[in-house]
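Each chain is listed here by its residues.
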Amino acid sequence: MTRSSDQNRRRSTARLAAAQALYQIETANSLPRFVIEEFLAHRLDAEIDGVAYADADADFFTDLVRGVHERMAEIDGHLEGALGGTWTVARLDRTARQI
């Protein structure tokens, strides 16, 4: 069964929002549940400063943020192995790390 283009768009929007939420969690040292609640209540499918934000798959967004946060040590280990040399995950730009 294939997903419709609307479902694909909603999941794509959720991925972008998840990267933004993970950045906020790391930058502000926030708890994931509070950031997820904020995004669900005030950002996803919202209008901010006259700009209507695209509809997002809220369940997929929530699963992504929780899953990445819960497995951050494992993900960082994979990144460390791929970086090699003197580079560490700590040296990565926060935005690049979230992507």
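Further up the page is the structure itself.
Heads up: these notes are all about the structure in this document.

Here is what the cut-offs are and how they apply
Residues numbered from 1 in each chain as written. Predicted model: local features only at pLDDT ≥ 70, side-chain atom pairs only at ≥ 80, totals over all residues. Heavy atoms only, no water. Helix = DSSP H or I, 4+ residues; strand = E, 2+ residues; numbered from the N terminus. Expected span 1.5 Å × (residues − 1). Buried < 20%, exposed > 50% of the residue type's maximum accessible area, 1.4 Å probe, protein only. Contact = heavy atoms within 4.5 Å. Salt bridge = Lys/Arg side-chain N within 4 Å of Asp/Glu carboxyl O.

A few points about helix 1 (residues 5-28)
For helix 1, built from 24 residues, the straight-helix expectation of 34 Å at 1.5 Å per residue is met to within 8% by its first-to-last C-alpha distance of 34 Å. Buried within helix 1 are the following residues: T13, A14, A17, A18, A19, A21, L22, Q24 and I25. Buried-residue contacts for helix 1 involve helix 2 (32-43), helix 3 (58-70) and helix 5 (94-98). Looking one or two residues past helix 1, N29 carries a phi angle of roughly 50°, positive in sign.

Some words on helix 4 (residues 72-83)
Between its first and last C-alpha, helix 4 extends 16 Å over twelve residues, near the 16 Å set by a 1.5 Å rise per residue. Once helix 4 ends, the next one or two residues include G84, with phi positive near 65°.

Examining unusual backbone geometry
A positive phi angle, close to 50°, is found at N29, a residue other than glycine. Mapped onto the secondary structure, N29 falls in the loop between helix 1 and helix 2. N29 gets classed as exposed once you look at its relative accessible area, which sits at 73%.

Here we look at the pattern of salt bridges
In total, this model carries four salt bridges according to the counting rule given. Notably, a salt bridge pairs D6 with R9, separated by 2.6 Å at the nearest N-O pair. One end of the pair, D6, and the other, R9, are both in helix 1, three residues apart, so they sit about a helical turn from each other. A relative accessible area of 38% places D6 in the partly exposed class. Assessed through its relative accessible area of 36%, R9 is described here as partly exposed. A salt bridge links R10 to D55; its shortest N-O distance comes to 2.8 Å. Taken together, the residues span a long stretch of sequence, with R10 in helix 1 and D55 in the loop between strand 2 (51-52) and helix 3 at a distance of 45 residues.

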